[in-house]
Every structure is written in structure tokens, then in C-alpha cells.
Amino acid sequence: HYFIQSNLRMSQPPLLLWLLLVLCSVVSGQQETSPHIHRPGYCMMMGNGDTSTYHPNAGNFAQFYNGEAKDIDMVTAAILKDYCPDIVSGAKVCCDWAQAQALTTSLSQTKGLLSKCDVSWKNFAGHFCKFTCHPDQSLFLNATKVSNSTSGYLNVEAVTMYQSQEYFEKFYDSIKDVSLPSANMKAIVALCGSAHCDANKLFKFLGDNSLSPFPVLSSPDTPPTTDNGTMVPLEAAELKNCWEKESEDSWLCSCQDCISNVTCAPAPILPSPKAPFLLLGFDGVLVILLSVYVALFLLCLVHLSINLHYSRRNVTDPLTRSASIVSNISDTKIESLQGHVNKGCKRVDDVLLLTFTSWARFALNHPIIVILCALLFIGACSGGMYFFVMTSAPIDLWSAPHSQTRIEREKFDKNFGPFYRNTQIIVTAPRQPSFTYIVHSPDIDEPLNQTFSGVFNPDIFIKIFKLQAAVMDITAKNGNKTIGVKDVCFMPLDPDVKECALISPFQYFQNSEDNIKSVDKSYFNNTYLDHMFKCVGSPLSIADGGFNSIPCIATFLGPAYVNVALGGYSDKGDPLEADAIVITVPLNNHVDESLNKDAEAWELEFINYMKNFSDPDLELAFQAERSIQDELEREAFQDIFTVGLSYFLMFGYVALMLGKVSCCSDNAATCYCLKRWFVDAKISLGLAGVLFVLLSVVCSLGIFSYAGYKSTVIIMEVIPFLVLAVGVDNIFILVQALQRDVRRKDETSNEQIIRIFGKVAPSMLLSASSEAIAFACGSLSTQPAVHDFSLYASTAVLINFLLQVTVFLVLLAYDKRRELSERADVLCCITALSEVHISNGEVRPSSPLYLLVSKVWVPALLNSIVVRFLVMSFFGLTFFLSIAAIPHMEIGLDQQLALPQDSYVGPYFEYLSKYLEVGAPVYFVVEHDYSNGTQRLNTSSLEGQNQLCGSSGCNIDSVVAMINIYSNVSFYSRIAQPPNSWIDDYYDWLEPSGDSSCCRYYNSPEADQGKFCPSSDFGGDCSACVESPEDYPHHRPNAEQFERYFQWYLQDNPTLDFCTKGGHAAYGNAINYTSTTTQNNVGATSTNIHASYFMTYHTTCRNSSDFIMAYKRARNLTEMIKTEVNANVYPYSVFYVYYEMYVTMVNQVAINLGVCIAAVFVVSFVLLNFNFMSSIITTSTITMITVNMFGLMYLLDIKINPVSLVNLVMSVGISVEFCAHITRSFSQSRKPRRVDRAKEALSKTGSSVLSGIFMTKLIGISVLAFAKSQIFQIYYFKMYICIVALGMLHGLVFLPVFLTFFGPARNTKPRTTTGYNRIDVADSENAPLLG
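Model, not experiment: these values are computed from the prediction.

> Outline the overall build of the protein chain, supporting the account with residue identities and numerical values.
For the protein chain, the count of helices and strands is 43 helices and 28 strands. For the protein chain, buried positions account for 60% of its 1331 residues. For the protein chain, the share of sequence-separated contacts (at least 6 apart) that also reach a separation of at least 24 residues comes to 76%. Put simply, the protein chain shows about 51,000 Å² of open surface, and 58% of that area lies on carbon and sulfur atoms.

Printed below as a string of C-alpha cells:
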């Protein structure tokens, strides 16, 4: 979610150009003749001349000297012995001690670039040793321009150095792969001055840059002819390849620094892309499923035709004929099987009937006790709302507290501190056309006709810069404190350099408008565009010779990487054609949220400023660290009106539709009396039922608030909707059963209610218990959104059922008395509104909905076997097609969908996806200790170091080596580049280089003697920690050196002019360690590293699939690393906690839905009198609804994620309501034929299901279409519509038809009565049907 690209944790300014003075350069050219002597033992120059007029700040010209090489003196030999041993081994040289000193000083500052590879360093140093001091200098060097000095000698102002083309290439190949760990880049970028380098460009830049006192042209051409000897170019044989040893006792270059090293681990064998499964050129799964479907369809069609043919001989009436076909399917075998199941088992129906009638009698005889107990229970549960906490933190919604990535995140924050707070602006100028400009630069041979995008238009560029300047000037208030950006931003070199690690292209101009507008009149009148050309190729450059020597390196002395500062150029291949400028301001972050208040205050002012910013020429997107949580909280309240209206309409519908009016006269069976409506209305009872839904939700929230659970937006928005669906259906079934029942002679209203309740309550229990247990099983999920939702839903459904069978039952009895006393609903004091009275035994008219179902829908659906066959065929086809769609469904949740439609963060996510050129940082964390704190990986030992490092001598399967290998296949591994490596940079920092050593201690004053001498104190009286290379074999410290100076390394800030390897900027937070300091603070007696990380970047992630794959690949890589390293290793990136769940999402969906459906089967099996067929049919239909949900999700492009999984779990629960009542009614029917039992079941319960669930939900869901939240529109409106529509179609169309073919055997058990004489449970054959 947060992309603080660049050098946040590693913004050490890598070692810049150093090779100053003497360095050479390439340009192909040939001198016709040379007047100089070119013989063995002759020089071309010796000694320093006048101050250079070519680059005045680069040093001196050399003195022209074309005489014999001179004997080497002891001083010069001592200076050269460590860097030019081949020169010292001879007796003659062509340099004096001053030149030797300048050479070694230069090389010592450059050594950190290449010392990781002995051969690379020796080739590089040897080249400049030959150039400066070789006794045969005149054989390959020719002075092409000399001038008189003021002191009487000649100045050399230009030379040409001759090398063969093979020398060029071999030299370049030997150093091109050496890495700069702290900068996540290759050293060749710094050496060449550009990321686009080859052998010729390398030599050109080395000799003719702002640090060169005179130009040196390196030529691969044939040397000029001369009358005074023959010139001989340097040959490749004088160099070694990087895969060769520099000497017998030296180590080979590491694989990271020499890709051609044959001893390296082989490139990873990548799995072949999985080919799609095709049959006949089509999706294989679809072809197989359709084949199975067609086979079954034809088989059933043949069977149907045969039955129709034979049935015509015995049956003439079409209706009877259709029914007889079903009768041919004998119940004998099924009844026999059911008999075996029931044998020895007491009828569950009898137990439930006895239990519920007994309870109803007690409740109606003691209503006050029941109500008081219910109120006490509600009060006790609701009291937990005092502890209610609602969270919108994304990590609480999507990441389980005990998940692997959550634990690793906590460990990372504890060891290294949390990731930085990201503040970012992405700016485009879509209406500004691209333009061309002729670029002049010292880095190119000829002027270049370069295309620049519209964002580099001078007016646009200045506008964007002024926007950045305004942002950096923003101040905020936190209490009485004024907060500026420098009070909260990340400063990598603090306290030495008080500059924020701001990343933008304006860093190339030192964030100065004057620099942007300046012109270099001394160099082709170069402008800011020429400087941009220079800096995109060399962001580490400390001086642009073509633009007033303005540096490219940022003000915080780190690189402003191009792929972070610019965006939208990957398809063009040229950063200067970038469509966007990216401004990134990293702020400090803290685990203790109270310490982030200042940053949050500044971010709020930043957001307010950006919301009010507008410019007709610019389009931009932005975000701060707090943006996502702010928007989620706003979303939670934004749709309150929409959700409230939805619930209000559903509540109103329930309250109004529960009522029923009677006839105005005995002769008008379908005439309804408005006055009578006030008596028959059930508004108060409906509102009570709705109130119980809300109370059950509140009780559920209270119970889990006691337990310390936090509620989420999903719970608050979905649970009431779900409980209303479940609860309302039960209310409708109970109330309408009472309305359609005829009260028996001498039966009181209470006795009638008890009788009806005894019959209906088992069906209510079946649906409620199935749903509650199904949701409880859903809580087995490890995903917080699903786990918490399931717990709350299960509890709320159970409490709602308890309230319905207690308080609602009592209120139903009170309402019945009110109705019998002819009192108006709500206004109970008003009586006798109508002259119409309903006497005992009078049949009330049925509702239009009931008549529609029983008189129209049932005959149309079930009378014709052809219709039933077509229904089965259609639903079978949709089932198979849905199964075929499942493998093609996408997993994930697009980030912008979780935000309001009008959120300013939405465009930011779109811009990230469109313009982002680099992925999120990824840290490979190595835990050096065991969990009990004892050391596991000893980095002081050579063995321990070799398991980590990437330099010469390190294991080929070390941590750095493995990451490097996989970065070479970034298209697969999603690792963009090699990692930075604190241990390899530590080796370089300790490298002995005399007075130029990075690691030094004070000699004086006495009070500081032996204490750390930082790189910033270059002029101090300091000595090197390691005196000579003999004390530092193979460029590696011994255990005592490693532990003693490690804390100094992490305290040292890098400097451009002395030591660029100080570890504070890049690695100050990268290592968790403890040191025991000596008494006088001259080092540590011991250092114990507990944990450290190696940072690199992921490739660009533009959608959920990219993020998921990046996490999976990083996890796979660490598993391989752990097999080779004696330590625990894990990957960490800021987005892992949100995407870990998707790795197992398919299994989670299968397990959750499977367990929920299995729970429904078990409950229905028990409560349906151990009727196996009824349970199978119920769960099969629910399974079909669920599978069809997947099919519709595929068509609607709805991805699988925790939100959709919550809805799928909910769909299982709601599907029970559509199926369980009809199945139970069918199993209780005593009609002889299945088709008759199906008609009776659909007539009894169809209208209640239709009015209680479908219509209620349809009204409420329709309002959600107008919600402003995208997640509401997609995952609530669309999915809820699908759930309700599929439930209705399967429950009222497919299930009754399915029962006519495969329904359970007829209920043949004799009717029984309970022990209560007045409560006969046997139905009258002539009584109106239930529902």
C-alpha cells in the first residue's frame, strides 16, 4: 500500500568520483606522427606542473618529461607499495613522490568501489599505476599538447593513451558486474558517469570529467609513427578476467561481482509456464463438464420418453399421466432405508413437539417472568457495549494477529523500527505535448536530438517545483507546538546533515529555482534539460561539467533514483520521456502511536493543502500515511444514510406486511375492508420483531466486547442485514401460520398459539440452528474479517431465535388478544373500528401473494413433467457452467474499491498502477539468535560471515548471493535488483588505506586518544584502525577487529570527499546488536548481532495478482536460503500482511464453505428426524446456490477475497431459509405422491419465504445501489442481489421440482397427539395450508 521508493533505509551516497586528476578517457583518434621519444625506459611526463586551467578545481597539469625513467626512491616506493606493487618491484619509475601521493590518495578513495573483487581492483589500480608511474610510459602514452609554464618547464595539457580494443573490453568486463551494496547498484554506474555504459564510454568518462586536470584520450587505434622508437599499446594479456584469481592465495570474485564466474551456483531452473488445459481448442474443464451434462441430459431424456410412451397405454388424462410417471418411481427402497435409519431412534419430531408446546404453555402462563428474564439477559449482554471499540485500521481488518506475516512485522518493527511514513505526490501534464531539444554533454561524443515529455516544459517544470517548495514549507500545530516538515521527516545523515530524504527530480538542482533557471554559458549555453540528461544517467554525480558543476546527488547526500523520481516511461524506455514527476517525502515512524502525533498533524495540513491545490496545466494524485485509514473511517459514516434507508424500508415492509385484512361481507371473498385493516395490522408486532433483530446484534456486540474483540465496518454493516433475513423469515412463518389457522371449537387464543407454535417452532429451530452452527464453523477461519464476522453472526442469530421463542411469542399472544377484542394496532385504546367480526372457525381470505403461489405458481411449475424436466435441465446446466468458471476466478481486492468513490486516494492508486517504475522495498531479515536468545549465527567468525556476504570468498549460496541470483531473473522472482549488504560495506570500511582509511581513531588530543575519529573529521590527527594489508588478509577482519569497530561503522556518516562507506546512513537501522564498550571508549570488547536485514526492491506491482506473486516468490526464496544458512530468515515488505491470506485463499474458501455446508447437513439430519434424503437434498441445493454464486461472481468480475468470502458464508446461511422450510414441510406431508407433497410444501411455505425473505431483502438491497462506496456497490449490492435471487430461484423453483423426482419417502407414521388434550397436533385435512 505504501511505496517509499528509493534510498530510505539505504541512502548512503555511494562513492563518487575520486579518480580525479589523472584519469583517462576514451575517444578514438590517431596522431599521424609524434616528435617525442618512444622507447623502453623512457617517460612522457613526471612531476606536477602548473595549476590546471582545463578544470581549475581538479589539480595540476603534469610536467612534460621525455627522458629516461628515474630510480625509485624510498619515499615513493613506500607510498606505492600497497597500490602499485608491480611498479615498486622495478628499479625505475616515471613519477615523483608527489605524483605517487596524489595517485594513492585518489585510488584509496576509489578502492571502496571495487575492493570486493580482487581482480577487478587490481586491474583498475594497475591501469592508473601504469599511466602515472610505469618506467616504459612513453611506449603507450603520447603528449599531444604541451605549453610553457611560468617556472620554465613544459606543462602537459593533453595526452593520448593507447590500448588495444581487447584491452578495452577485458578491462571493462572485469569490473562491470561489481556491485555497490549500499546503493543497490553497480559500481560501473559511478565509474562511467551513466547507467548506459560500455568500454569506450567508461574510458572516456574516466579521463575527461570535472575532476580531470587535463584530457586524456584513450585510443584503441594503431599508435602514431615516430622516428624515435616504436609505440606499443597496452595489451589485454596484462589484465586478468574477473573469474581468475589475482594470486594463488587470493579468493575468486563472488558471483554477485562476476557473473561469468564458473564456480557460481547455476541460474535457478524456472518452472515452465503452466499451459492452459485445452480440449479441442477450448477450455478443457468446460468441455468435460459440458460433455457430462449432455450425457446426463440425453440419458434422462431417453428415460422420460420411454416412460411417456408406456404411460399413454394406461393413462389418458395428461395431468394424471404426468403424475403417474413420478409414481412409477417406487418409494419402497427409500422407505426401507429410512426405516433402518429410524429403527431404535425416538422420533425427533415428537421430542421437539413436546418441548416447544411445553415451553409455549409455560411462557404464555408466565409472560411477566419471561419478559423480565429476557430483559435481564439483554441488559447483561448489552452492558458489554461499554467496552465497545470499533476499528478501521486495515491491518486489523485483513491480517490475523497470529499470522506469519503479522508476527514477522512485529519482529521487524521491534528490531529495526517501523517502515517510514510515506507522503507522495504524482504530477502529470497530460495537455502538454512532448518536445525535442539538442543536448550537449561531456558524456556524449556528439550533440543528441533528445525527446522530452511535457512535464519538462520549462513553465510546467517550474510549476511543479513551486508545488514541491510549497509542500516543504507547510507547517502544522500540535497543541502549542508548530511542526515543520524537518521536525518529522527522515534525515539519513542526521545530525551531520539536516536535510530530509526528499526524492524528486528537483534534487538534481539542489532544490533551487535559481539552479533550474541557470545557463552554463561556458558550455554550449547548456540549460536544465542538459543537466537532466546528465543526472538521469548518473544520479550520484557530484559535479556536472556541462552545467556549472552543479551536482546531481541530492541535498541529503544520497541518490534521487530515476525510477523513483520519474514515472510512466517503462513503455518508452527513456526516463526523459516520463509522463509523471514523483515527489516523495518520507517521515519518521514509531511503534508507539503517541510519538506519531506530530507527523499526523503535518500530514493533515499536507492533505488539506493538496485538496485545495489546482492548476489547469497539471493533474496530480497524492496521499499521506494517514490517508487510507482516514478514508476508511469516512467511508464508515458516508453511507450511513443509504444503509439506514435500506434498513428503514425493510423494517417498514416487515411491519406492514405482517398484517392481514378480513372481508367486508360474507359474499366478497376477495374484498378487503380498510377499517378492518387497523385491527388486523401487525405494525407493533412487526416493529417488535425488528427490534429483537437489533437487540440481538447489540447483544452479540456486547458479548464480544466483554471478550476484548474489536468491531469492524463489515460487522456493523452486514450482521443486521443477515439477522434480519433470518429473523424476519421465522417471524413471517409463525405469524402467517397463526393467521391462516382456524381456531378450533372451545379453543382459547393461547391454546391456538401453543398448538401453532409447536408445529412451526421445529422449522424455526432448523433454520436458526443450521445458520448459527454454520457461522460458528466459519469462525475457524484465520482471516479476521471472516473469523469475527462468523462469531458475531452465529451469536446474533442464536440470540435472535431465543428472543423470538420467548418475548416475541408472548407479544404474539398479547397481539392476538388485542385483535380478538377489536382494538386497533398501535392505538390500542381505539376499539370497534369495523362492524366486521371474525368468529371462531371462520375462514379468513388468503393474501394475494399466497393465492399467487398456490393457485398460479404451483400448478404452472409442477403439473407438467416436461416443465419440470426443463427446469432440472436448466439448473443442471448453470451448475456445470458455474463449476467451469471457478478455476478462472481472480483472487484479491483492488485497493481503491475499499475507498469511497470520491476519495482522493482512489486516483492515487490509479496513478501508482499507471506510472510506478519501482516496486516496494523488501527486506530479507536474518535472525542471528535462537528464540531463547542464544547465538545461532556468529558473524564474528569467517564461517558465519561467509553465510551472509557477497564478496570474494563468500559462500556461493550465501544470503546475498542467493538474492542476487534471483534478481537476475526478476521477471520470475519479482526481485528487481541485488540487495544492499551491510557486511560487505563493513569490509570496505575497515579496509586499510593509510591516512585515507575510513576506520580511524584519534591520536590527539589526549582526552580523545583512541576514540573514534569520524570521516567528517578528515583533517584530524587520526590513525587507521588497521595499519596495513598484512593485518587484513583477503580484505576480511578477524574476530577481534570485527567486534571492536562494528559500532563505529554504524556511527560513521559517509562523506563525498573522503569516505563514502560509513554505515550510519544506509545501515543505522539495519542491524539490531549489543556491544560491550571498553572503559575508555576506544572500541568494543564484544559485539553480538541479534538480527539484520538485506534490502532490495520488488519489481513493479500494479494489481493484486502482482502483489500476491511478489509475496509468494519472496517466501519461496527465503525457504531456499534457510536450507543453507544457520539462521532463521524471513522476507518483509509493508504489503505482506495484507496479501498473505491470498496465498491460502482457495483453501480457506473451500474449507469454510465446506465446513458450513457440512454443519447444515448434520443439523438438518438430526432435526429432520434423521431423514438422510431430506438432509442430502437440503445441503445439495445449498451447494448449488453456492456454486452458482461463484458463476455469477465470475460474470460480474467479483474477485475472491475476505469480503466476498464473508458474503459466501452468509449465502450459505440465507440459503438455509430458502430451502429448509420447504424440505421439512415436504417430509412432514402425508400425500401419497411426491408431486402432491411438493405442491403442498410449496403452497404452505412458498409465500412466507417469498414475502419474508425475498421481498424484504429485495427492497433493502435496491437502495444499496445508490451507495457512494464502491465496496458497497460491488460486494454488497451485487452479491446480495445474487444471493437473494439464487436463493429464491433454487428454493421456489428448483427444490420443489427436485423433490418431485428424488424427495424422501412419504411420512407413514400414524398421527399422534401430545399429552395435552386441548393441544391436538393433528392437522385437519380441510384446514388451510400453513404459509
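More follows now that the structure is in view.
> Summarise the pairing of strand β28 (residues 1128-1132); cite the residues concerned and give the values.
Among the five residues that make up β28, four are buried, leaving the element largely enclosed by the rest of the structure. As defined by bridge partners, strand β23 (residues 921-927) adjoins β28 across five bridges and the pair is classed as antiparallel. In the sheet register, Val 926 faces β28, and the bridge partner there is Val 1129.

> Now, about unusual backbone geometry: what can you tell me, with residues and values included?
That bond from Asp 494 to Pro 495 is cis: its omega, 10°, falls within 30 degrees of zero. By the secondary structure assignment, Pro 495 is in the loop between α16 (485-488) and α17 (513-517). Omega for the bond connecting Ser 1004 with Pro 1005 falls within 30 degrees of zero, at 0°, which places this linkage in the cis form. The residue Pro 1005 is located in the loop between β24 (1000-1002) and β25 (1022-1024) in this model. Phi is positive for Phe 524, which is not a glycine, with a value near 55°. Its location among the elements puts Phe 524 in the loop between α17 and α18 (528-537). If you check the backbone angles, His 1034 has positive phi at about 60° while not being a glycine.

> Give me the environment of Asn 1188: which residues, what numbers.
Structurally, the position occupied by Asn 1188 is in helix α40 (residues 1172-1195). Along the sequence, Asn 1188 and Phe 879 sit 309 residues apart, while their C-alpha atoms lie 6.0 Å from each other. In this view, Asn 1188 contacts Thr 878, Phe 879, Ser 882, Leu 1286 and His 1290; residues no more than four positions away in its chain are not counted. Reaching out from Asn 1188, the side chain makes a polar contact with the backbone oxygen of Thr 878 at a distance of 3.2 Å.

> How would you summarise the packing of aromatic side chains if you had to cite specific residues and measurements?
One pass over the full model with this rule turns up 73 aromatic pairs. An angle of 10° between the planes, with centres 6.3 Å apart, marks the rings of Tyr 167 and Phe 171 as stacked. Separated by four residues within a single helix, Tyr 167 and Phe 171 lie in helix α5 (residues 165-175), roughly one turn from each other. Each member of the pair, Tyr 167 as well as Phe 171, is classed as buried. Judged by centre distance (6.1 Å) and plane angle (80°), the ring pair of Tyr 437 and Phe 452 falls under edge-to-face. Taken together, the positions of Tyr 437 in strand β16 (residues 435-439) and Phe 452 in strand β17 (residues 448-452) put the pair 15 residues apart, joining distant regions of the chain.

> Could you give an account of the confidence of the model for the protein chain, naming the residues involved and the relevant values?
With 87% of its residues at a pLDDT of 70 or more, the protein chain has an overall mean of 82. The low-confidence segment residues 315-346, where pLDDT is below 50, has 48 contacts with residues more than four positions distant or belonging to other chains.

> Hey, could you go over the environment of Leu 632 for me, with residue numbers and the actual values?
When you line up the elements, Leu 632 lands in helix α21 (residues 627-638). Through-space distance from the C-alpha of Leu 632 to that of Pro 900 is 7.9 Å; in sequence the pair is 268 residues apart.

> Please give an account of helix α29 (residues 865-885) that cites residues and values.
Taking 1.5 Å of rise per residue, 21 residues should cover 30 Å, and α29 covers 30 Å from first to last C-alpha, within 8% of that figure. Within α29, the full set of buried residues consists of Ile 865, Arg 868, Phe 869, Val 871, Ser 873, Phe 875, Gly 876, Phe 880, Ser 882, Ala 884 and Ala 885. Where α29 begins, the capping side chain belongs to Ser 864, and its oxygen is found 3.3 Å from the backbone nitrogen of Val 866.

> Mind laying out the sheet that holds strand β21 (residues 580-587), listing which residues take part and the relevant values?
The antiparallel open sheet is built from four strands, whose spatial order is β20-β21-β15-β22. If you trace the sheet from one side to the other, it starts and ends with β20 (566-567) and β22 (619-623), each paired once. Sheet analysis places β20 next to β21, joined by two bridges and oriented antiparallel. When the bridges of β21 are listed, Gly 567 appears paired with Ala 580. Each of β15 (421-428), β20, β21 and β22 is contacted by helix α30 (residues 905-915), which is oriented at about 75° to β15, the strand it contacts most.

> Pulling in residues and values, what's your account of the state of the cysteines?
All told, the structure shown has eleven disulfides when counted by the stated rule. Paired by a disulfide, Cys 84 and Cys 129 hold their sulfur atoms 1.8 Å apart. Taking the torsion about the sulfur-sulfur bond, which here is approximately -70°, the covalent link between Cys 84 and Cys 129 counts as left-handed. Of this pair, Cys 84 sits in the loop between α1 (74-80) and α2 (85-88) while Cys 129 is found in helix α4 (residues 118-133), placing the two residues 45 residues apart along the sequence. We note that Cys 84, like Cys 129, is buried. Each disulfide pairs two cysteine sulfurs, and for Cys 999 the partner residue is Cys 1025, the sulfurs being separated by 2.1 Å. Between Cys 999 and Cys 1025 the sulfur-sulfur dihedral comes to about -85°; the bridge is accordingly left-handed. Note that Cys 999 is positioned in the loop between α34 (982-990) and β24 and Cys 1025 in the loop between β25 and α35 (1039-1051), a separation of 26 residues in sequence. One exposure class covers both Cys 999 and Cys 1025, and it is buried.

> Requested: an account of the pattern of salt bridges, with residues and values cited.
In this structure the tally under the stated criterion is 36 salt bridges. A salt bridge links Glu 600 to Lys 597; the shortest N-O distance between them is 3.9 Å. Remark: Lys 597 and Glu 600 occur in helix α20 (residues 597-612); sequence separation between them is three residues, near one turn of the helix. Note on Glu 600: relative accessible area 18%, which makes it buried.

> Residue-level account of the nonpolar core, with values.
With 367 residues, the main nonpolar core has Trp 982 and Trp 989 as its most contacted residues. For this core, the leading source of residues is helix α43 (residues 1270-1302), giving 20 residues.

> Pulling in residues and values, what's your account of a negative patch on the surface?
Together, Glu 166, Glu 169, Asp 198 and Glu 235 make up a negatively charged patch on the protein surface. As for its placement among the helices and strands, Glu 235 is situated in the loop between β12 (225-226) and β13 (278-279). On the accessibility criterion, Glu 235 (36% relative accessible area) is partly exposed.

> Before we move on, can you summarise the environment of Met 650 with the specific residues and values?
Here Met 650 is to be found in helix α22 (residues 640-657). On the basis of relative accessible area, Met 650 is assigned to the buried category, the value being 0%. As for Met 650 and Val 728, which are separated by 78 residues in sequence, their C-alpha atoms are 9.7 Å apart.

> Talk me through the side chain of His 36; I want residue IDs and the actual numbers.
Secondary-structure assignment places His 36 in the loop between β2 (33-34) and β3 (45-51). Looking at His 36, the relative accessible area reads 12%, which means it is buried. A polar atom in the side chain of His 36 sits 3.1 Å from the backbone oxygen of Ala 143. Among all residues touching His 36, those that are not within four sequence positions of it are Met 44, Phe 64, Asn 66, Asn 142, Ala 143, Thr 226 and Asn 228.

> Talk me through the packing of helix α28 (residues 848-862) against α43; I want residue IDs and the actual numbers.
Packing of α28 against α43 leaves a shortest axis separation of 10 Å and a crossing angle of 50°. As the angle between them shows, α28 and α43 are arranged oblique. Where α28 crosses over α43, the two elements pack in a sense that is right-handed. Touching Trp 857, Leu 861 and Leu 862 of α28 are Leu 1292, Val 1293, Pro 1296, Val 1297 and Thr 1300, all from α43.

Parameters and conventions
- Residues numbered from 1 in each chain as written.
- Predicted model: local features only at pLDDT ≥ 70, side-chain atom pairs only at ≥ 80, totals over all residues.
- Heavy atoms only, no water.
- Helix = DSSP H or I, 4+ residues; strand = E, 2+ residues; numbered from the N terminus.
- Buried < 20%, exposed > 50% of the residue type's maximum accessible area, 1.4 Å probe, protein only.
- Contact = heavy atoms within 4.5 Å.
- Areas by Shrake-Rupley, 256 points an atom, 1.4 Å probe, with all protein chains shown as cover.
- Pairing = 2+ DSSP bridges.
- Polar contact = N/O pair within 3.5 Å; in protein donor to acceptor, adjacent residues only side chain to side chain.
- Phe/Tyr/Trp six-rings, centres within 6.5 Å; stacked < 30°, edge-to-face > 60°.
- pLDDT = per-residue confidence, 0-100.
- Expected span 1.5 Å × (residues − 1).
- Axes fitted to C-alpha atoms, helices over the stretch in contact; angles between N-to-C directions.
- Disulfide = S-S within 2.5 Å.
- Salt bridge = Lys/Arg side-chain N within 4 Å of Asp/Glu carboxyl O.
- Core = buried A, V, L, I, M, F, W, Y, C linked by side-chain atoms within 4.5 Å.
- Patch = residues over 30% accessible without salt bridge, like charges linked within 9 Å, V, L, I, M, F, W, Y side chains within 5 Å.
- Lys, Arg positive; Asp, Glu negative; His and termini not counted.
- Charge placed at Lys NZ, Arg CZ, Asp CG, Glu CD.
- Parallel < 35°, antiparallel > 145°, perpendicular 65-115°, else oblique.
- Left-handed = near helix turned anticlockwise from the far one by under 90°.

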